[in-house]
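Coordinates in review
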Protein chains: 2
Amino acid sequence: MQAIRRDVFQAIADPSRRDMIRLLSRKPMHLNEIAAHFDMSRPAVSKHVRILTECGLLQISNQGRERHCSLNTAKLREVDRWLNQYRHFWNRKLDALEKHLDNMPDPFPEP
Amino acid sequence: MQAIRRDVFQAIADPSRRDMIRLLSRKPMHLNEIAAHFDMSRPAVSKHVRILTECGLLQISNQGRERHCSLNTAKLREVDRWLNQYRHFWNRKLDALEKHLDNMPDPFPEP
DNA sequence: TATTTACGTAACCATACGGTTACATATATG
DNA sequence: CATATATGTAACCGTATGGTTACGTAAATA
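Residues numbered from 1 in each chain as written. Chains lettered and ligands numbered in written order. Predicted model: local features only at pLDDT ≥ 70, side-chain atom pairs only at ≥ 80, totals over all residues. Heavy atoms only, no water.

With an unreviewed UniProt entry as reference, chain A is termed DNA-binding transcriptional regulator, ArsR family, source organism Sediminibacterium ginsengisoli.

Okay, here's the thing in structure tokens:
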């Protein structure tokens, strides 16, 4: 269907997809549940979900006939890392603290 | 030429434009200087510059026949603010510190 | 003044995007 | 088994995107 450049930056470029991200950050939903929140056809939602999935922002687990969509927030770190190189421009105080934090052990290590 | 949705998210969706942002974060350049760094025609660069300008990421000052392009990093804060609502998902330690920082006076106040 | 330089702009092109309707398929449920 | 439900997929459509070439124009320079 649609293909080629499928990265996080392109995924969050669309306002509807940003809305979906926000929606799914509250709680995981199946596809129809998502579609109910949007003023567009279900196939259109399906396409957006596919795009979000293809770039790793969404994880889908099939539960019977339902497709359970849950947000993979870790993927947004890519955007955050990209912003990191500019953040010092507008927030020197945070920048200084990030450097400090980089030398600290992670209090919430992931397995 | 091109119109409609012109926001920061759409602007940074294109990898070439992200490259231009990085390039201009080092130092301001005029248009031909930018074009020299890219494997595309000058009008193509001109279009990208126009898009970046239209969404406020670039400021252009005419210096004679040259167009001096300088990055407006403040516009990237929009993306940063959007990310803020998700950052706690992957970085609790930074989140906690941001809250702390919000209560601190800005050591680098802008006039 | 003539010419080079640094751009903008218009017209065009192939393809991507975001949406639709219509239909197919797999799973629950009566 | 028949049917309703949850979803995928295909075909289509108008417009946006990202690029090109060709040409126009204002400012610097010879």
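Turning our attention to the protein's contact with DNA strand C. In the vicinity of DNA strand C, 26 residues are found, and the nearest of them are Gln10, Ser41, Lys47 and His48 of chain A together with Ser46 of chain B. In the environment of DNA strand C, a phosphate oxygen lies 3.1 Å from a nitrogen or oxygen atom belonging to the side chain of Arg6 of chain A. In this structure, a base oxygen belonging to DNA strand C sits 3.3 Å away from a side-chain N or O atom of Arg65 of chain A. Elements supplying a minimum of two residues to the surface near DNA strand C: α4 (42-54) of chain A together with α3 (31-35), α4 (42-54) and β3 (66-71) of chain B. When residues of the surface near DNA strand C are assigned to their parent elements, the largest contribution, five residues, is made by α4 of chain B. (Near = heavy atom within 4 Å. Polar contact = N/O pair within 3.5 Å; in protein donor to acceptor, adjacent residues only side chain to side chain. Helix = DSSP H or I, 4+ residues; strand = E, 2+ residues; numbered from the N terminus.)

Moving on: the packing of helix α5 (residues 77-90) of chain A against helix α2 (residues 15-26) of chain B. For the pair α5 of chain A and α2 of chain B, the least separation of the axes is 12 Å and the interaxial angle reads 35 degrees. Classified by chirality, the crossing of α2 of chain B by α5 of chain A is left-handed. Contacts between α5 of chain A and α2 of chain B involve Trp82, Gln85, Tyr86 and Phe89 of chain A on the former and, on the latter, Arg18, Ile21, Arg22 and Ser25 of chain B. Counted by class, the contact of α5 of chain A with α2 of chain B contains four nonpolar, two polar and two charged residues. (Axes fitted to C-alpha atoms, helices over the stretch in contact; angles between N-to-C directions. Left-handed = near helix turned anticlockwise from the far one by under 90°. Contact = heavy atoms within 4.5 Å. Nonpolar A, V, L, I, M, F, W, Y, C, P; charged D, E, K, R; others polar.)

A few words on the packing of aromatic side chains. As enumerated under the stated definition, the model contains four aromatic pairs over all chains in all. Measuring from ring centre to ring centre gives 5.4 Å for Phe9 of chain A and Trp82 of chain A, while their planes differ by 80 degrees; the resulting arrangement is edge-to-face. Of this pair, Phe9 of chain A sits in helix α1 (residues 8-11) while Trp82 of chain A sits in helix α5; the two residues are 73 residues apart in sequence, bridging distant segments of the chain. With respect to class, Phe9 of chain A is no different from Trp82 of chain A; both count as buried. Here the aromatic cluster, defined as three or more aromatic residues joined through ring pairs, consists of Phe9, Trp82 and Tyr86 of chain A. In this structure, Arg18 of chain A is placed above the aromatic ring of Phe9 of chain B, and the distance from its NZ or CZ to the ring centre is 4.0 Å. (Phe/Tyr/Trp six-rings, centres within 6.5 Å; stacked < 30°, edge-to-face > 60°. Buried < 20%, exposed > 50% of the residue type's maximum accessible area, 1.4 Å probe, protein only. Lys NZ or Arg CZ within 6 Å of the ring centre and 35° of its normal.)

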